[in-house]
Amino acid sequence: MTPGARAAAAIEILDLHLGGQPLEKALTNWARRSRFAGSKDRAAIRDIVFDRIRSRASCALRGGGLTGRGLVLGGFDLEMAQQMFTGEGHAPSPLSAEETARIDAPSSLPPEVTANLPPWLLAHFEAAFGDDMMPVCAALTERAKVFVRVNLRKGDVEHAQSALAEDGIRAVAHPLCDSALELTENPRKLAGSRAYLDGLVELQDVASQAVCAGLPDAQTMLDYCAGGGGKVLAYGARHDARLFAHDGNPRRLKDLPERAARAGVAVERLDDVQCTRKAPFDLVLCDVPCSGSGAWRRQPEGKWRLTPEALEQLLALQREILDRAVSLVRPEGTLAYATCSVLRSENEDQIAQFLDHNPEWAQSCSRRYSPLEGGDGFYVAHLTRRGSAS
Ligand SMILES: C[S@@+](CC[C@H](N)C(=O)[O-])C[C@H]1O[C@@H](n2cnc3c(N)ncnc32)[C@H](O)[C@@H]1O
C-alpha cells in the first residue's frame, strides 16, 4: 500500500470508531475486509490510528473536525499532508483551500486541546502533577515504549539481552527497575523469539515491574485482582512465597496456569470462598480496576470514554475491594494497593479515606510513578496494621 492508501485506511477505521466501534474491533474488521494489506501496512495503519486517538483533540482542531479525515489530516504538517492527500490511486482527496489554510496557520490552542484531555479531567491532572501537568499530558500522546521483564528465576539481565539479540532484538536496561529491559529495535519480533517462548522474558511495563519489585517478602501472597497474572508472576520470580491468585471475573485467570508453567512458578487459583478458607495471607495485593489513566498511551480510547460517573463507580469498587481484602491479611501482614492510574482520587485520596475508616492501619509506603519516568503511570501504597512491623 502507498502511504496515501494507508492514510485513507486510517480515515476509514477512525470513522468506524467514531461511529461507535471499539478501536480494536474497527482495526480487526478492517483487516479482515482488506486481505491485500500486508503485516507492515497493518502495523503502519495501526500506528496512525492510535496516534490520532492519543492526540484526538489537537488533531481534530488542526484537521477541521472530529472525523477520520480531520484526525488523520490534523496529525501531519502541511508538506506531509500534501504528499499523502493526493487523490491518486487509493489516497484521500487533496486538501481544500480551507484545510490548507487551517493546517498551515499557527494557532493558540485552549488548554484542554493542548493537553489532549476531556475538559473535566484538567483539574484532576493539575491536582496530580502541578507544574508537570503539560509535560505529562504530552507524554501520554506519545507511543508507549515496549518493556520486558527478565524472569530472574531463569536468567539475569545480561543473559536475556544476549538471548534477545540472537533474534535481532535490541534491549537496554532501564533505571526504574533492575529486571526491566526496553526493546529499542525490532520489538515486534518478541512473540516469536526464543527468550520469550522459553519464559526468560515476559512483556510487562517497567513501572508495573517496579511496583512488584518493591513488595515486601512474604511466605504467602494473594494477588486478589490477578487478571492475566502479570503481578503475581513478577512477584514469584523474586520470592519463594506460596502464590495465590483470585479475580472477581474468574475467566480472566484462564491463561494463568500456562503462563505460570512457562515462568517456572506455581500459582494456585482461588475463588472467593477459597480465599476466605485459605486466609490469612502475609501479603495481599489489590491491583484494582481503575481509570487506566497512567496507561492511556497504550489504551488511548479510555481517555475519551471515561466520564465523571464512571470514575465514581470505579472509586466505589476500589473501596469495596479494599474492605474485602482487609479481612484476608494476617495481623502483621501487608495490604498493598496498586492502580495504573495517575488520578489522586483513585490513589492518595482513596488511601487517605481508607485510613480514616480504618484507624488501626497505617501507610508504610506511597509511591506514584509518573509517565515522565519512562513507563506507565502507576501508584502503589503499602498498608500495615499499627504496631506491626512492615
Ligand atoms: C487492573 S486489572 C488487574 C491486572 C493484573 N493484576 C495484571 O497485572 O495483569 C483489575 C482486575 O480486577 C478484577 N476485578 C474487578 N472487580 C473485582 C472484584 N470485585 N474483586 C476482585 N477482582 C476484581 C478485574 O476482573 C481485573 O482483572
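See the structure above.
A quick note: this is a predicted structure, and the numbers were derived from the prediction, not measured.

1. Comments concerning unusual backbone geometry
With an omega of 5°, the peptide bond between alanine 279 and proline 280 qualifies as cis. Examined against the element boundaries, proline 280 turns out to sit in the loop between helix 16 (272-278) and strand 8 (281-287). Although it is not a glycine, asparagine 186 adopts a positive phi angle of roughly 60°. By the element assignment, asparagine 186 lies in the loop between strand 3 (177-185) and helix 12 (194-197). Given 16 C-beta atoms within 10 Å, asparagine 186 falls into the partly exposed group.

2. Looking at the packing of helix 1 (residues 3-18) against helix 2 (residues 23-33)
Running from N to C, helix 1 and helix 2 cross one another at 135°; their axes reach a closest spacing of 9 Å. One finds that helix 1 runs oblique with respect to helix 2. Of the two elements, helix 1 crosses helix 2, and the hand of that crossing is right-handed. Here helix 1 contributes Ala9, Glu12, Ile13, Leu16 and His17 to the contact with helix 2, which in turn contributes Leu23, Ala26, Leu27 and Trp30. Tallied by class, the residues present in the contact of helix 1 with helix 2 amount to seven nonpolar, one polar and one charged.

3. Brief notes about the pairing of strand 1 (residues 147-150)
Taking every second residue as pointing to the same face, both faces of strand 1 are buried, with Phe147 and Arg149 on one and Val148 and Val150 on the other. As defined by bridge partners, strand 1 adjoins strand 4 (residues 201-203) across three bridges and the pair is classed as antiparallel. Within strand 4, the residue paired with valine 150 across the bridge is valine 201.

Thresholds applied
- Residues numbered from 1 in each chain as written.
- Predicted model: local features only at pLDDT ≥ 70, side-chain atom pairs only at ≥ 80, totals over all residues.
- Helix = DSSP H or I, 4+ residues; strand = E, 2+ residues; numbered from the N terminus.
- Buried ≥ 20, exposed ≤ 12 C-beta atoms within 10 Å, placed from the backbone.
- Axes fitted to C-alpha atoms, helices over the stretch in contact; angles between N-to-C directions.
- Parallel < 35°, antiparallel > 145°, perpendicular 65-115°, else oblique.
- Left-handed = near helix turned anticlockwise from the far one by under 90°.
- Contact = placed C-beta atoms within 7 Å.
- Nonpolar A, V, L, I, M, F, W, Y, C, P; charged D, E, K, R; others polar.
- Pairing = 2+ DSSP bridges.

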